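Below are the chains, spelled out letter by letter.
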Amino acid sequence: MDQSKGTDSFIKRKGRLVLAILALAAYVGFAVSTFAENSFWIELFSPVTTILCVIVILTCMKDMGKFRILAILLAFGIGMWAVADIILFVNDIFRHMEEPRDTLVRTIYLAPNYLYGSTIVLYLYYKLKKRDLFVTAANVFLITVISFAVVAKLVQAAGLLAENDPALIRAYAYFFVNIVIVVGGCHVIYYIGYGNLRRGTNLIPICIMGYILIDFRYSYIEAIGKDPENIYMDLLYMLFMVGMAWGTLSQAHNKYEYVLKENGEEGRRMVYVRLIIPILIVVVVVLRLTGVLSQVEFSYILIALLAYFIMYALLQNSGLSEKLLKQQQELNTSLEAQVEEKTRDLKRVNRDLEYLSSTDLLTGLFNRRHGLKVLNNLIYDAEKYQTKFAVFGVDLNHFKPVNDTYGHEMGDRVLEEFGKRMRELPARYTCIRNGGDEFVIFYSHVNDRDDVTEAAKELQSVFNRPLVLDNFIFSLSASIGIAVYPDDSMNAEDLLQYADAAMYIVKRSKKRDDFCFFDKGMVADVERRRKIEKQLKHSELENDFLLYYQPQFDTADGSIVGVEVFPRLRVSGFEDCTPGELIPIAEESGMMSQLGMWTAHKSLEQVAAWNKKYGMNLSTTINLAPLQLLDADFIESLEKVIERLEIKPSDLILDVSNEVMMGAAESAKDTLRAFHQFGYTLSLNEFGGGDINISYIRDCGFSTIKLARTLIPQGITDPGRMEIIHALLALAKEMNIEIVAVGIETNEQVGLMRDLGIRVMQGYYYSKPVSAEELEQKLKDK
């Protein structure tokens, strides 16, 4: 489409140019005929030239913009000449024109003057400011009066017309109009600027002025009733009309924009007027006293000078008034702008204060205090309009290892990124940072339970999507609890507690990356968790904890080859608190570092005692928390206890979860490399249940891999999972790494692992974690 338009424009431009060249060629033919004095060809080429000029101008009209009317006036002016030429041409062919019709033709030849003059006036009207237009009109008036007086005096002095001759008035009328046009044309050229005269558009005012100047002769001869025709003067007329056509063509093609000159400051203009007008008055008085000017002429010129002076004085006063008014308006505008700016500043400060008081600066979300206001407003609207909304309690999983391993700055960046994601959720979500890595999200205009479920899944996608910060990739997730208004409660505090309760149920489950709706049976579970956390904060390691041991079996001969250590509470009321329940709470509460160090010392002492007593070589597996990889005290104390108990470092298996390993800082990996070089056995837990990085296993020196607990039961029924297990076994074999199967619970799983060539197994099928006394009995039995 654009290419087609461009082609049409090109053809149009070329067509107009061809017409303009034809007009120029016709003018050359007219000139040759003129010098050859061939009247037939003169009268033929003259209308052809003017008609071509008219066509050129009319084809340019669409590209002239708001100056289209000027092009029409030019075309009409040249067209009038063409009409007169055609009348003469037809008359010469068929019959001689009678006197009345000859007068008509001469009158038609005069018509272009008025159309060209209208073109000048309209151009000034379109381009000039109102004040400059008045100044121009005053200048034209004065110069025209003086020029007219001079011309009239010259006519009288030369005796061209008698004073009482009726032709005198007609001649003066023609002169007056022509003078006005010439003076107006001079003003156009002045305003356009002499530096712009080289542009083709300016052919129009120049040619109009040239046309009018040579028309003084025609106007005079026509006024006295004689035949003004002169074929050589017609050459000039025709040249100027061709120039007007070419000027219009230039403007249509180039689309020049002229910024007209201004008249200057009012004060400076008035100085010139005050200087020049008195001088002119003196000159006029002298001419009157010497008899050069008659009383009438003197009166006309004097009145014109005084009128010009008065008009300029009025314009100056008006200009000063306008200037003062403009200054006042500018002052008012400035004051209004200052007031508006101050008002904006106050509003901005208020917004900033409101933002600071209602927003969490790290994430950009609402803070807890403002969240309560939002919740109360939601309850009010829901009660008023009988609608529902959901409250999501959200807690990030595995955020504390990130904070502990990479430092608080990286932890803040993680929270900041999650805040950005939550801010991009649809308007139905209102997100609150409740503190730390916990969030509350309100979901309005709920339709039914399915609607809430879809919203929960959308939130899961927000938190499950990996974070890429610098050179690290963090795979976190969220535990989400849900309470619905008014189904669960109509009270704000209850809704928050119920969503929190449902969230902690998910947090304690095996699949922490999940969501759960609140039900009344959750209250007791949440209360238990809070009691455990409270107990941990006040517990003493030696008095309130004991260690449980889960044996690892070599299925080839049924012997116990090692134990994995789990701390448990032995406080009354918490005897049934399993390691799976205790360790996550210890990690969240910040107790894991102390508990981990105590667990390492106690378990190593106990296993060393069993090895010595029963002549065994049991390995000890200790789970490492992320913080322990950066804890210099823990590393140092571990070396001391190894030396003190004279234990081979390889008999201590340091177990790190795959998830922690994937998000570990380089310094933590350096610690693992140091452990490996020192001789400790490194074990990677939950391998194959998420993202893996083979280079980490090789670089850090892992010699044991524990298959993810979810892979083994799924491998029995899911061929795809079995393919993953085969791939992991092949990888381990290639890297000379031992595979350990954990979470074994059935005989079928034992058979599967044996068939795959896995010898070391651990799980409830063989033994649950038991106390030291119970395990020692098993050792005796073996």
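So, how was this worked out
Residues numbered from 1 in each chain as written. Predicted model: local features only at pLDDT ≥ 70, side-chain atom pairs only at ≥ 80, totals over all residues. Heavy atoms only, no water. Helix = DSSP H or I, 4+ residues; strand = E, 2+ residues; numbered from the N terminus. Polar contact = N/O pair within 3.5 Å; in protein donor to acceptor, adjacent residues only side chain to side chain. Contact = heavy atoms within 4.5 Å. Pairing = 2+ DSSP bridges. Axes fitted to C-alpha atoms, helices over the stretch in contact; angles between N-to-C directions. Patch = residues over 30% accessible without salt bridge, like charges linked within 9 Å, V, L, I, M, F, W, Y side chains within 5 Å. Areas by Shrake-Rupley, 256 points an atom, 1.4 Å probe, with all protein chains shown as cover. Salt bridge = Lys/Arg side-chain N within 4 Å of Asp/Glu carboxyl O. Buried < 20%, exposed > 50% of the residue type's maximum accessible area, 1.4 Å probe, protein only. Expected span 1.5 Å × (residues − 1). Core = buried A, V, L, I, M, F, W, Y, C linked by side-chain atoms within 4.5 Å. pLDDT = per-residue confidence, 0-100. Parallel < 35°, antiparallel > 145°, perpendicular 65-115°, else oblique. Left-handed = near helix turned anticlockwise from the far one by under 90°. Nonpolar A, V, L, I, M, F, W, Y, C, P; charged D, E, K, R; others polar.

Caption draft 1: Fine view of the side chain of Arg568. Inspection of the secondary structure assignment puts Arg568 in strand β9 (residues 559-569). A polar contact is formed between the side chain of Arg568 and the backbone oxygen of Cys577, at a distance of 3.2 Å. In this view, Arg568 contacts Asp544, Phe545, Leu546, Tyr548, Glu575, Asp576, Cys577, Thr578, Pro579, Leu582 and Pro769; residues no more than four positions away in its chain are not counted.

Caption draft 2: Representation of the sheet that holds strand β3 (residues 438-446). Taken together, the five strands give an open sheet; going across it, the order is β2-β3-β1-β6-β7, and neighbouring strands pair in mixed fashion. The two strands at the open ends of the sheet, each matched to only one other strand, are β2 (429-435) and β7 (515-517). Averaged over all pairs of adjacent strands, the angle between strand axes in this sheet comes to 20°, irrespective of strand direction. Pairing analysis gives six bridges linking β2 to β3, with the strands arranged antiparallel. Following the sheet pairing, Ile432 is matched in β3 by Val440. Of the strands in this sheet, β1 (388-397), β2 and β3 are in contact with helix α13 (residues 408-423), which crosses β3 at around 5°.

Caption draft 3: Representation of a nonpolar patch on the surface within the structure. Taken together, the side chains of Leu275, Ile276, Ile279, Val283, Leu287 and Val292 present a nonpolar region at the surface, about 480 Å² in accessible area. Considering the arrangement of structural elements, one finds Ile276 in helix α9 (residues 266-289).

Caption draft 4: Broad picture of the pattern of salt bridges. Overall, the coordinates contain 16 salt bridges when judged by the stated rule. Between Asp395 and Lys507 there is a salt bridge; the shortest N-O distance is 2.3 Å. Of this pair, Asp395 sits in strand β1 while Lys507 is found in helix α15 (residues 492-508), placing the two residues 112 residues apart along the sequence. This pair shows no difference in class: Asp395 is buried, exactly as Lys507 is. One salt bridge connects Asp451 with Arg428, and the closest N-O pair in it is separated by 2.9 Å. Of this pair, Asp451 sits in helix α14 (residues 449-464) while Arg428 is found in the loop between α13 and β2, placing the two residues 23 residues apart along the sequence. Residue Asp451 is classed as buried on the basis of its relative accessible area, which comes to 12%. Look at Arg428 and you get partly exposed, because its relative accessible area is 29%. Each of Glu564, Asp655 and Lys706 takes part in salt bridges that share partners, so that together they form one network.

Caption draft 5: View of α13. Spanning 16 residues, α13 covers 22 Å between terminal C-alpha atoms, matching the ideal 22 Å at 1.5 Å per step. What α13 keeps buried is the set Met410, Gly411, Val414, Leu415, Phe418, Gly419, Arg421 and Met422.

Caption draft 6: Molecular detail of the nonpolar core. Core analysis: the biggest nonpolar cluster contains 58 residues, and Ile78, Tyr116, Ile208, Tyr211 and Met244 have the highest contact counts within it. Counting residues per element, the ones that place at least two in this core are α1 (2-36), α2 (39-59), α3 (68-94), α4 (99-127), α6 (166-192), α7 (203-223) and α8 (231-254). Per-element tally for this core: the top contributor is α8, with eleven residues. The contact partners of Tyr116, leaving out residues within four places of it in the chain, are Leu74, Gly77, Ile78, Ile208, Tyr211, Met241 and Met244. If you look at the next biggest cluster of nonpolar residues, it comprises 43 residues, including Ile647, Val656, Leu711 and Met753.

Caption draft 7: Representation of unusual backbone geometry. In the segment running from Tyr485 into Pro486, the intervening peptide bond is cis, with an omega of 0°. Take Pro486: it is sitting in the loop between β6 (477-485) and α15. Positive phi, close to 55°, is recorded for Glu646, a residue that is not glycine. Within the element layout of this structure, Glu646 appears in the loop between α20 (632-645) and β11 (652-657).

Caption draft 8: Representation of the environment of Glu424 within the structure. Positionally, Glu424 belongs in the loop between α13 and β2. In sequence terms Glu424 and Val462 are 38 residues apart; their C-alpha atoms lie 9.8 Å from each other.

Caption draft 9: Spotlight on the confidence of the model for the protein. Overall, the predicted model of the protein reaches an average pLDDT of 80, with 85% of residues at or above 70. Taking the mean pLDDT of every element in the protein, the minimum, 67, falls on helix α21 (residues 658-662) and the maximum, 94, on β3.

Caption draft 10: Layout of the pairing of strand β8 (residues 545-554). Taken across its ten residues, β8 has nine buried, putting it largely inside the fold. Both β8 and β9 contribute to a ladder of ten bridges, which runs antiparallel. Bridge pairing in β9 links Leu547 to Pro567. In this structure, the hairpin formed by β8 and β9 is closed by a connection of four residues, where Gly558 is found at a positive phi of approximately 75°. Across two bridges, the pairing between β8 and strand β16 (residues 770-771) is antiparallel.

Caption draft 11: Structural context of the packing of helix α19 (residues 592-614) against helix α27 (residues 772-781). It is at 12 Å that the axes of α19 and α27 come closest, and there the two elements cross at 25°. One way to sum up the angle between α19 and α27 is to call them roughly parallel. The handedness of the crossing between α19 and α27 comes out as right-handed. Taking contact as the criterion, the partners of Gln606, Trp610, Lys613 and Tyr614 in α19 are, on α27, Ala772, Leu775, Glu776, Leu779 and Lys780. Residues of the contact of α19 with α27, tallied by class, amount to five nonpolar, one polar and three charged.

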